[in-house]
Amino acid sequence: MKTLILAAALTLGAGAALAEPVKVGMAPEPYPPFASMDASGKWVGWEIEIVDAIFKSQGMEYTIVPVAWDGIIPALTSGQIDTIMNSMSITDERLRTIDFSDKYYNTPTVIVAAKGAVASPDAEGLAGKIIGVQVSTVHQNYAEKYFAGSAAEIKTYQTQDEANQDLVAGRIDAVQADSIALDAFLATEAGAACCELVGAVKDDPEILGRGVGAGVRKGDDALREAINAGIKAIRADGTYDAITAKYFASSIYGD
Amino acid sequence: MIAFLRPRHRQVLLVAGAALVAWCIHALDWSWLPAYWPLFLRGIWATVWLTALTTVLGLVLAIPLGFAQAAGPWFLAWPALAFCTIIRGTPLLLQIWLIYYGLGSLFPQFPWIRQSDLWPILRQAWPYAVLALTLSYAGYEGEVMRGAFKSVPRGQLEAARAMGMPRLTLFRRIWLPQALRKVLPTLSGETVLQMKATPLVATITVVETYAVASRVRQDTFIVYEPLLLLAVVYLAIAAVIVLVFRHFERMVPTRTA
Amino acid sequence: MSTLELLALQPPGWGGNLLRGLANSIQIAVGAYGLGLAIGTAGAYGKIYGGPVLRDLLEVYTTVVRAVPELILILILYFGLTDLVNQILVEMGRDRIQISGVIAGIAVLGVVQGAYSTEVLRGAILAVPHGQIEAARAMGMPAGMLARRITLPLMLGNAIPGLANLWLIATKDTALLAVVGFSELTLETRQAAGTTKAYFTFFMAAGAIYLAITLLSQWGFARAERWARRGEPAVAAGAR
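In this text the structure is predicted, and so the values were computed from the model without any measurement.

### Considerations on the overall build of chain C
Here is step 1 of the chain: Scanning chain C from N- to C-terminus turns up 10 helices and zero strands.
Here is step 2 of the chain: Going from the N terminus to the C terminus, chain C shows its helices and strands as α-α-α-α-α-α-α-α-α-α.
Here is step 3 of the chain: Taking the principal axes of its C-alpha atoms as reference, chain C extends roughly 70 × 55 × 30 Å.
Here is step 4 of the chain: Counting only residues that meet the buried cut, chain C has 51% of its 240 residues in that class.
Here is step 5 of the chain: In chain C, of all internal contacts separated by at least 6 residues, the share reaching a separation of at least 24 is 74%.
Here is step 6 of the chain: Here chain C displays about 11100 Å² of accessible surface, and carbon together with sulfur accounts for 66% of that area.
Here is step 7 of the chain: Averaging the locations of the 18 positively and 14 negatively charged side chains of chain C gives two centres separated by 8 Å.

### Details of the interface of chain C and chain A
Here is step 1 of the chain: Taken together, the contacts link 24 residues of chain C with 23 residues of chain A.
Here is step 2 of the chain: The contact between chain C and chain A buries some 1800 Å² in all, and 48% of this surface belongs to carbon and sulfur atoms.
Here is step 3 of the chain: On inspection of chain C and its partner chain A, the count reaches three salt bridges.
Here is step 4 of the chain: We note a salt bridge from Asp161(A) to Lys197(C), for which the minimum N-O separation is 3.0 Å.
Here is step 5 of the chain: Our count for the contact surface shared by chain C and chain A stands at five residue pairs in polar contact (both at pLDDT 80 or more).
Here is step 6 of the chain: Going through the elements one at a time, helix H2 (15-49), helix H4 (70-91) and helix H8 (185-196) of chain C are the ones with two or more residues in the side of chain C that touches chain A.
Here is step 7 of the chain: When its residues are assigned to classes, the side of chain C that touches chain A shows nine nonpolar, 10 polar and five charged.

### Overview of the layout of surface pockets
Here is step 1 of the chain: If you add up the space inside the second largest pocket, you get close to 1900 Å³.
Here is step 2 of the chain: Taken together, the elements giving at least two residues each to the lining of the second largest pocket come down to helix H1 (2-5), helix H2 (8-27) and helix H12 (224-256) of chain B together with helix H3 (52-67), H4 and helix H5 (101-126) of chain C.
Here is step 3 of the chain: By residue number, the principal contributor to the lining of the second largest pocket is H2(B), which donates 10 residues.
Here is step 4 of the chain: Along the lines of polarity and charge, the residues of the lining of the second largest pocket split into 31 nonpolar, three polar and seven charged.

### Comments concerning the pairing of strand S12 (residues 212-216) of chain A
All names here are of chain A.
Here is step 1 of the chain: Within S12, five of the five residues are buried, leaving the element largely enclosed by the surrounding structure.
Here is step 2 of the chain: Looking at chain direction, strand S5 (residues 83-84) and S12 are connected through two bridges and run antiparallel. By the bridge assignment, Thr-83 is partnered in S12 with Val-216.
Here is step 3 of the chain: As paired elements, strand S6 (residues 99-105) and S12 share four bridges and run antiparallel to each other. By the bridge assignment, Asp-99 is partnered in S12 with Val-216.

### Some details on the sheet that holds strand S1 (residues 22-26) of chain A
Here is step 1 of the chain: Sheet architecture is open: five strands sit in the order S4-S1-S5-S12-S6 (chain A), paired in mixed fashion. Single-partner strands in this sheet number two, and they are strand S4 (62-66) and S6 of chain A.

### Things to note about unusual backbone geometry
Residues and elements named next belong to chain A.
Here is step 1 of the chain: In this chain, Pro-32 is followed by Pro-33 through a cis amide linkage whose omega measures 0°.
Here is step 2 of the chain: Position of Pro-33 among the secondary structure elements: in the loop between S1 and strand S2 (36-37).
Here is step 3 of the chain: Positive phi is not limited to glycine here, since Ser-136 has a value of about 65°.
Here is step 4 of the chain: Residue position: Ser-136 is located in the loop between strand S8 (130-134) and helix H5 (138-146).

### Overview of the sheet that holds strand S11 (residues 195-200) of chain A
All names here are of chain A.
Here is step 1 of the chain: Across the sheet, which stays open at both edges, the five strands sit in the order S9-S8-S10-S7-S11 with mixed pairing between neighbours. The strands lining the two open edges of the sheet, one partner per strand, are strand S9 (153-157) and S11. This sheet shows a mean twist of 30° between the axes of neighbouring strands, independent of strand direction.
Here is step 2 of the chain: In this structure, S8 lies alongside S9, joined through five bridges in parallel fashion. In the strand pairing of S9, Ile-131 is matched with Ile-154.
Here is step 3 of the chain: Contacting strand S7 (109-114), S8, S9 and strand S10 (174-178), H5 runs over the sheet at an angle of about 130° to S10.

### Structural notes on a nonpolar patch on the surface
Here is step 1 of the chain: Together, Trp74(B), Phe75(B), Leu76(B) and Trp78(B) make up an exposed nonpolar region whose accessible area comes to about 580 Å².
Here is step 2 of the chain: The residue Trp78(B) is located in helix H4 (residues 74-89) in this model.

### Looking at the environment of Thr83(A)
Residues and elements named next belong to chain A.
Here is step 1 of the chain: Mapped onto the fold, Thr-83 is located in strand S5.
Here is step 2 of the chain: Taking the C-alpha atoms as reference, Thr-83 lies 22 Å from Ala-181; in sequence the two are 98 residues apart.
Here is step 3 of the chain: Once residues within four sequence positions are removed from consideration, Thr-83 is found in contact with Val-22, Lys-23, Val-24, Gly-25, Phe-55, Leu-76, Ala-214, Gly-215, Val-216, Leu-223 and Ile-227.

### A few points about the pattern of salt bridges
Here is step 1 of the chain: All chains considered together, the criterion is met by 23 salt bridges over all chains.
Here is step 2 of the chain: Residue Lys23(A) pairs with Asp82(A) through a salt bridge whose shortest N-O separation is 3.7 Å. Placement of Lys23(A) in strand S1 and of Asp82(A) in the loop between helix H3 (72-77) and S5 is noted, with a sequence separation of 59 residues between them. In this pair, the class of Lys23(A) matches that of Asp82(A), namely buried.
Here is step 3 of the chain: Taking the shortest distance from any N to any O, the salt bridge between Asp173(A) and Arg123(B) comes out at 3.1 Å. Note that Asp173(A) is positioned in the loop between helix H6 (160-169) and S10 and Arg123(B) in the loop between helix H7 (119-122) and helix H8 (126-151), a pairing that runs across two chains.

### Examining the nonpolar core
Here is step 1 of the chain: Of all hydrophobic cores here, the largest spans 153 residues; its most connected members are Phe185(A), Ile204(B) and Tyr210(B).
Here is step 2 of the chain: Among residues more than four places away in sequence, those in contact with Tyr210(B) are Asp70(A), Pro199(B), Ala202(B), Leu230(B), Tyr234(B), Leu71(C), Ile72(C), Leu75(C) and Val179(C).
Here is step 3 of the chain: Ranked by size, the runner-up nonpolar core spans 34 residues in total, among them Trp43(A), Ala214(A), Val216(A) and Leu223(A).

### A few points about the packing of helix H3 (residues 33-71) of chain B against helix H11 (residues 209-220) of chain B
The packing of two helices is summarised by the inter-axis angle and the distance between the axes.
Residue and element names in this part refer to chain B.
Here is step 1 of the chain: Two elements in contact, H3 and H11, have axes separated by 7 Å at closest approach and are oriented at 150°. One element, H3, and the other, H11, form an angle in the roughly antiparallel class. Taken together, the residues of H11 that come into contact with H3 (itself represented by Tyr-36, Leu-39, Phe-40, Gly-43, Ile-44 and Thr-47) are Thr-209, Val-212, Ala-213, Arg-215, Val-216, Asp-219 and Thr-220.
Here is step 2 of the chain: Broken down by class, the residue content of the contact of H3 with H11 amounts to seven nonpolar, four polar and two charged.

Rules behind the numbers
Residues numbered from 1 in each chain as written. Chains lettered and ligands numbered in written order. Predicted model: local features only at pLDDT ≥ 70, side-chain atom pairs only at ≥ 80, totals over all residues. Heavy atoms only, no water. Helix = DSSP H or I, 4+ residues; strand = E, 2+ residues; numbered from the N terminus. Buried < 20%, exposed > 50% of the residue type's maximum accessible area, 1.4 Å probe, protein only. Contact = heavy atoms within 4.5 Å. Areas by Shrake-Rupley, 256 points an atom, 1.4 Å probe, with all protein chains shown as cover. Lys, Arg positive; Asp, Glu negative; His and termini not counted. Charge placed at Lys NZ, Arg CZ, Asp CG, Glu CD. Buried area = accessible area lost by both parts, 1.4 Å probe. Salt bridge = Lys/Arg side-chain N within 4 Å of Asp/Glu carboxyl O. Polar contact = N/O pair within 3.5 Å; in protein donor to acceptor, adjacent residues only side chain to side chain. Nonpolar A, V, L, I, M, F, W, Y, C, P; charged D, E, K, R; others polar. 1 Å grid on protein atoms, 1.4 Å probe; cavity = no way out; pocket = protein on both sides within 12 Å on 5 of 7 lines; lining within 4 Å. Points joined across faces, edges and corners; volume = space filled by probe spheres on them. Pairing = 2+ DSSP bridges. Axes fitted to C-alpha atoms, helices over the stretch in contact; angles between N-to-C directions. Patch = residues over 30% accessible without salt bridge, like charges linked within 9 Å, V, L, I, M, F, W, Y side chains within 5 Å. Core = buried A, V, L, I, M, F, W, Y, C linked by side-chain atoms within 4.5 Å. Parallel < 35°, antiparallel > 145°, perpendicular 65-115°, else oblique.

Structure, rendered in structure tokens:
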């Protein structure tokens, strides 16, 4: 373990570009409980603390740069940011354009719907319904593959928050997203009043990916290795579990 | 056309431009285009009808707004002025979000809205887009109409009144036609501006040209090619708008003379 | 929370965020407007006095920018410009540089503003009585001094209404940067609204702020126009 970290630190020292703080891209729209900005303009959430712990463990400086989700991959490839650590799932499709670190969490995908609107989280249950998903996510791809045939419409939103808002407003019947993000929504007053958890969708690793990792530019191996070492380090020394315990009842690493 | 091409430098520029286009076609990645072309056509159609519908509706609203400010009593003139000032003084993006998400946040508080017969329409996104774009156009054009109504020579109105023309006839036959003719040359520019505002409704889930291009960008991670195609599409639509209005402007004087 | 608590300047109120967003918006609007004026002045002179090639190129610039939606120009320039600058730097063997959101925003909106102000200033310069310029030339005034002493002061009165409009467009166009994730007033508003679910409160509050900027600016520009037209016959002032 130690040698691994040391090796990573050495490669790290070799890359001159890493002398500057690593620019971590985050979408500024609220995505609780993972990453959102509070009223004082401070980033808060599980993922924010994990990012902090990963870079601290490697003795690296970082800054969070807000980038719209919609343009976050172009921002990475064009060098405006160095890494995306914003609940982005590792998928084959994305791997064609960017590289990923190891996963740092993995949670099931669920359907949440207006009370009584949807019977089951599959094509039959969603027949004739309007489903909302966040644009450019694994959920959009999944919904388009499995539900496009039977659902009335699949609407795409810039942020999950807007999709939830339209679910509350009744403009859509159901949303599909990460279970944790939707748990947080169901815990809010508006979410509890209107909606219910229908259940997890059938897994499809090819589309839903292999967990959430940090996206880096292709070939930026120094940074990727450093982040991998950071994830290993905080998993090993208990930091990861301590942070998780502050937000969730059980582990979200997903073994 | 020939006169346009006569100067030597224009020929050189045209060749350079053609070379640039050829390079774009050759060097950039257009492999996604066949798969998305049908979607693009639907998006372009949405852009066109949104522009046309909201321009017409907005103009219809702008006439009373302008008239109230130009000749109405204070209790009509004042709200009309306030409306135009507010629309012109705030960003359209904010207005669109206020109308879509703001109104949307009211639905849960008033359950009867969801029971009404209008709900299947109200739950869609395009009515809000049409409303926001119409109000915006009415705000800007209302200001233009105010100036147009004011600029109709008083003598014409007095003459008509002296002839004993009823007020409604006077408005319909004298005041409105002259004001509209004054406004006509500005309409082409205003309509291009309205067309340029339509991509903003993509942020409230309306699928038009810009939304299709974003989709391509998100599906394929190709950034510039869809945006370049978008720029070309909007340039073409703007050119068509300008040409159509030029045609109208030529027609109008011969018909009313 | 009540409306007043939501808008309070100190957290957990979101008023402070809106004001920070406002500061960003104004910073970008001022920068873009200034850059636009610089491009516009050069462009207007180029269109009037430049050679045929320059004139045609400027025509292409103003036509394209005025026909393509700002949102798309912003996206092309926002991603393209930073990419291009970095590619050139890498070609030259230098390191990539970080272009901050503020600089990118100013550059992008400035290029858009430049096209509009080129047209406004060109119209205003052409409206300067030709005899004045001929007289100055006959006195042997050098071109730079002629522009500074005669053309620019005389055209200002004609240009101010158009320039006032451009400033209002600049302040409102900063809202479009919300789409690329830059935290100006509109994006801060959406964040506050999304987090608190008080959509009406925050959109209305932001609308009021934008409106206040507009009204203040209109008042300021009206005064500026009166000042610029001092010494002109009253008829000209009444026509507007």
